[in-house]
Amino acid sequence: YCRDVSSAAIPVTLKPRTIELIGTYVPRRCGIATFSADLVRALRSVSNTKVGVIALNDMSSGYDYPDEVDFEINQNRLADYRIAADYLNANQVDAVSVQHEYGIYGGTDGSHILKLMARLSMPVVTTLHTVLQEPTVSQKRVIVELAELSDRLVVMSEIGKRFMTEGYGIDPERIAVAPHGIPDMPFVDPNYYKDQFGVEGKKVILTFGLLSPNKGIETMIRALPGIAERHPDSVFMVLGATHPHVRKASGESYRLGLQQLAGKLNVDDRVIFYDRYVDSNELAAFLGAADLYVTPYLNRDQIVSGTLAYAMGAGKAVISTPYWYAAEMLDDGRGRLVAFENPEELARAVIELLDDDVERHAMRKRAYTFSRGRVWSKIAVSYLELFVEALRERTRLPRVLPAATDRGRGGVAAIPEINLAQIKRLTDSTGILQHANYHVPNREHGYCTDDNARALIAVVRARPHIAEVTELDELAIRYLGFLDHAFNPELGVFRNFMSYDRRWLEQRGSNDSHGRAIWALGVASARLEDEHLRMLAARLLHRALPGIEGTHHLRTIAYASLGLRSYLSRYSGDSLAKRAFQSLAERLWAPFQQHADKAWPWPEDVLTYANARVVHALLESGERLANREMIDQALTSLEWLFEVQTLDGHFCPIGNQGFYRRKGPRARFDQQPVEADGAVAACASAFRISRDRVWLERAILPFLWFLGQNDIGVSLYDDATGGCRDGLQPTGANENQVAESTLAWLNALAQVHVWQAAGELGWTRTPMLARRGTNVAEPVIYPHQISAELRQLH
């Protein structure tokens, strides 16, 4: 959990840990349900990503779903969609895969799914199973809004992509073509399987899928008399149960009509109906037995057909009507196309292929070879790449999340009062616990010196702004007592991590934890009211000073410098402390002199964590030592750092997922509250030292970052608990209100209360910020009550 990392840290690869698929799911009898199940299995097989399912029910009793189904939605109940969105957000799912078909969602043209998607905080990749060339006004509106709510759209054919760009005006860069996946089936001789179905020695023509009137089965039955005349050993196998919606509306009338037609044409002995829904293994056997596969659909609008994809993947010679998907898939001799509702042309095509074994087998091979790149394992990799791409894009171009839209971006009625509830919740008789699950203390990870040092600083700084201080003083005693116990006298350094059962997990903590402890002791020795507590803090600080001799860790130096600066504000005659402070100031100043230049005014080649604390310490050192050159360099570096960390008019700290190396890409996430706290404090010092009110203006931006003026418009501060969420990610805030983040918020808030009490907040003199989307700068107002006018401006 410790965020103290080497400046040599490199960017991490973004990949989803959890994905939820939304759509119909097996055992529901539906083509999309089968597709969803195949995709989930494939995703699980090619990665360690957890893949779950949000299943759509078309009946109140639902289905007997397998374990991967995490949540069920009654497709016609709008409230279920809102609850499902809240479920996904609460579980911090990394990405969502929406399977879209108008008919599986409730509302006009399936519009209910839009309500769910509009509430999601994570990236969404939507697969379109239907793309109409001539949609109704309502159908087009649904797809356009669906596209706006999706990070990526997936279509399964190039013609589908063309329709989306030309007919719906969707940016082609946001559309990916990922073919319909297929099982990895062998290329076999049909005779191997025929005896399983009692058709050995026959020429088998097959079609399969849920039976419905648009399948055109009657066209094939009308073609059979002509085929039988030439090939009396031919049979037509119709595999598939009647579509549930068709059966519900008209029973088995369509199937009965087909049987009656076959009888009327005297081919009923050649038509074999298999009225059942088969699993993938049985389907492979049926496909294996077929000499020809037919899809005589009745209209052109079919943009994808899983049955056609499966047949080609099994190496079948295919004859089809020229619906959009078939025209694309069967191009270049991979199959043969015949006119819609033309049994004579269909019969001729079947006869020609049954007559010509060489051409039929060549066609089979072309179809099979073409399909090798479409097996589910490869399609799953394509989908994973899309999820990674969507996550990466969110880090570069984050979106304001729905929570912000609902409340008004970063809405806050007033500067919040200091609320110690979460700090008290995390603190026990030992000290402050590091972690929380939401706002509930998590004892598993125990305590650390880092957080107890931060807590001591926070309560000391909050004391002037709290009416009842007795409880605050008790907290200070616990944190100071923890630091006293953390000090290892044998090594002269602080230990850092302690388990919940009060066992130290190390004898020497990190350099930064030692520096933070000195910082906290300096603040406590200067500002605590109780003389004995000040004496204890001062004595412990002196014992810890040898532990920083010779260190060149910049942030350790910065933390210790800030502590000694505070200590010397009360005990200015302490020669030992002055010498230590002078030494730290020189070690802090040297890398600025050696490395900082006009293009990169920074002492390192990478911006990592706690960057503002480095210039904060340099500012305070320059003031204490009356070194104008130090102060000027610190102000220059802070101004540059502020420019780097301000995007679109709001504070945007360097993310810890890769940081920002000189001449390299800048990591935008994960954004940490300690960075905002550090920026407020550094700007506060700059304002106090320079008296230039531009620094006050700048300081307000990282403060407002906590309250929702950030990349995604989500407040990190939780006024219900007094806690602060642990970091900002492209998909939302980490909801765990841990010690580090909550203490960072309290420190920043305490500084704003200082300005409020001093009457510093009000109209600023310098127009600085521009309204979003314009180049027009307007004055910024910071009243005691942060008003709607201020929120509008930002």
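Residues numbered from 1 in each chain as written. Predicted model: local features only at pLDDT ≥ 70, side-chain atom pairs only at ≥ 80, totals over all residues. Heavy atoms only, no water.

Asks: An account of the overall build of the chain is requested, with residue identities and associated values reported.
Replies: Each helix and strand counted, the chain has 29 helices and 26 strands in total. Considered along the principal axes of its C-alpha atoms, the chain spans approximately 115 × 55 × 50 Å. For the chain, long-range pairs separated by at least 24 residues make up 69% of all intrachain contacts whose partners lie at least 6 apart in sequence. Split by element, the accessible area of the chain, about 31,500 Å² in all, is 49% carbon and sulfur. (Helix = DSSP H or I, 4+ residues; strand = E, 2+ residues; numbered from the N terminus. Contact = heavy atoms within 4.5 Å. Areas by Shrake-Rupley, 256 points an atom, 1.4 Å probe, with all protein chains shown as cover.)

Asks: If you had to explain the pairing of strand 9 (residues 234-239) to someone new, which residues and values would you point to?
Replies: Remark: a regular strand shows side chains that alternate across the two faces of the sheet. Burial of strand 9 is extensive: six of the six residues sit out of reach of the surface. Neither face of strand 9 is exposed, since Ser234, Phe236 and Val238 on one face and Val235, Met237 and Leu239 on the opposite face are all buried. For the segment spanning strand 8 (residues 203-208), helix 7 (residues 217-230) and strand 9, crossover handedness is right-handed. (Buried < 20%, exposed > 50% of the residue type's maximum accessible area, 1.4 Å probe, protein only. Right-handed = clockwise from strand over helix to strand, strands pointing away.)

Asks: Go over the sheet that holds strand 2 (residues 50-57), please, and point to the residues and values.
Replies: One open sheet accounts for seven strands, arranged 3-2-1-4-5-6-7; its pairing is parallel. Edge strands, defined here as strands with exactly one partner in the open sheet, are strand 3 (69-74) and strand 7 (175-177). In this sheet, neighbouring strand axes are inclined to one another by 20° on average, regardless of whether the strands run parallel or antiparallel. Here strand 1 (residues 18-23) pairs with strand 2 via six bridges, running parallel. Following the sheet pairing, Glu20 is matched in strand 2 by Gly52. Strand contacts of helix 4 (residues 137-149): strand 4 (95-100), strand 5 (124-128) and strand 6 (152-155), with the helix running at about 150° to strand 5, the strand carrying the most contacts. Along the sheet face, helix 5 (residues 158-167) touches strand 5, strand 6 and strand 7 and points at about 165° away from the line of strand 7. (Pairing = 2+ DSSP bridges. Axes fitted to C-alpha atoms, helices over the stretch in contact; angles between N-to-C directions.)

Asks: Describe the packing of helix 22 (residues 554-570) against helix 24 (residues 611-624), listing the residues and the values that go with them.
Replies: One can describe the packing of helix 22 onto helix 24 by two numbers: an axis separation of 9 Å at closest approach and a directional angle of 40°. Here helix 24 runs oblique to helix 22, going by the angle between their axes. Judged by the sense of rotation from one axis to the other, the crossing of helix 22 with helix 24 is left-handed. Here Arg555, Ala558, Tyr559, Ser561, Leu562, Arg565 and Leu568 of helix 22 come into contact with helix 24, specifically with Asn611, Arg613, Val614, His616, Ala617, Glu620, Ser621, Glu623 and Arg624. (Parallel < 35°, antiparallel > 145°, perpendicular 65-115°, else oblique. Left-handed = near helix turned anticlockwise from the far one by under 90°.)

Asks: Residue-level account of the nonpolar core, with values.
Replies: Formed by 128 residues in total, the largest nonpolar core has its most connected members in Leu456, Leu607, Phe703, Trp745 and Trp755. Grouped together as the second largest cluster of nonpolar side chains are 107 residues, Val51, Val124, Val204 and Ala309 included. (Core = buried A, V, L, I, M, F, W, Y, C linked by side-chain atoms within 4.5 Å.)

Asks: Break down the packing of aromatic side chains for me, citing the residues and quoting the values.
Replies: Under the counting rule described, the total for this entry stands at 25 aromatic pairs. Note on Tyr447 and Tyr500: the rings are 6.1 Å apart at their centroids and 15° apart in plane angle, and the pair reads as stacked. With a gap of 53 residues between them, Tyr447 in strand 15 (residues 440-448) and Tyr500 in the loop between strand 18 (497-498) and helix 20 (511-527) connect regions that are remote in the sequence. Taking the relative accessible area as the measure of exposure, Tyr500 reaches 37% and is therefore partly exposed. (Phe/Tyr/Trp six-rings, centres within 6.5 Å; stacked < 30°, edge-to-face > 60°.)

Asks: I'd like a rundown of unusual backbone geometry, residues and numbers included.
Replies: Omega for the peptide link from Val26 to Pro27 comes to 15°, which places this bond in the cis form. Positionally, Pro27 belongs in the loop between strand 1 and helix 1 (31-46). Cis rather than trans, the peptide bond between Phe669 and Asp670 has omega equal to 0°. Counting through the fold element by element, Asp670 comes out in the loop between strand 22 (660-661) and helix 26 (673-690). The phi torsion at Arg502 lies on the positive side, around 70°, for a residue other than glycine. Within the secondary structure, Arg502 sits in the loop between strand 18 and helix 20.

Asks: Go over the pattern of salt bridges with me, naming the residues and quoting the values.
Replies: Considering all chains together, one arrives at 43 salt bridges under this definition. Its salt-bridge partner being Arg399, residue Asp151 comes within 3.8 Å of it at the nearest N-O pair. You can see Asp151 sitting in the loop between helix 4 and strand 6 and its partner Arg399 sitting in the loop between helix 15 (376-396) and helix 16 (402-407), a full 248 residues away along the chain. Among the residues examined, Arg399 registers a relative accessible area of 26% and is labelled partly exposed. A salt bridge links Arg454 to Asp451, with the shortest nitrogen-to-oxygen separation between them at 2.7 Å. Of this pair, Arg454 and Asp451 both sit in helix 18 (residues 449-462), separated by three residues, roughly a single helical turn. Each of Arg565, Glu620, Glu623 and Arg688 takes part in salt bridges that share partners, so that together they form one network. (Salt bridge = Lys/Arg side-chain N within 4 Å of Asp/Glu carboxyl O.)

Asks: Provide a residue-level description of the environment of Leu541, including the pertinent values.
Replies: Note that Leu541 resides in helix 21 (residues 531-544). Owing to a relative accessible area of 0%, Leu541 belongs among the buried residues under this scheme. Taking the C-alpha atoms as reference points, Leu541 and Gly563, 22 residues apart in sequence, are found 8.9 Å from one another. If near-sequence neighbours (up to four positions away) are discounted, Leu541 is found in contact with Ile518, Leu521, Gly522, Leu564 and Tyr567.

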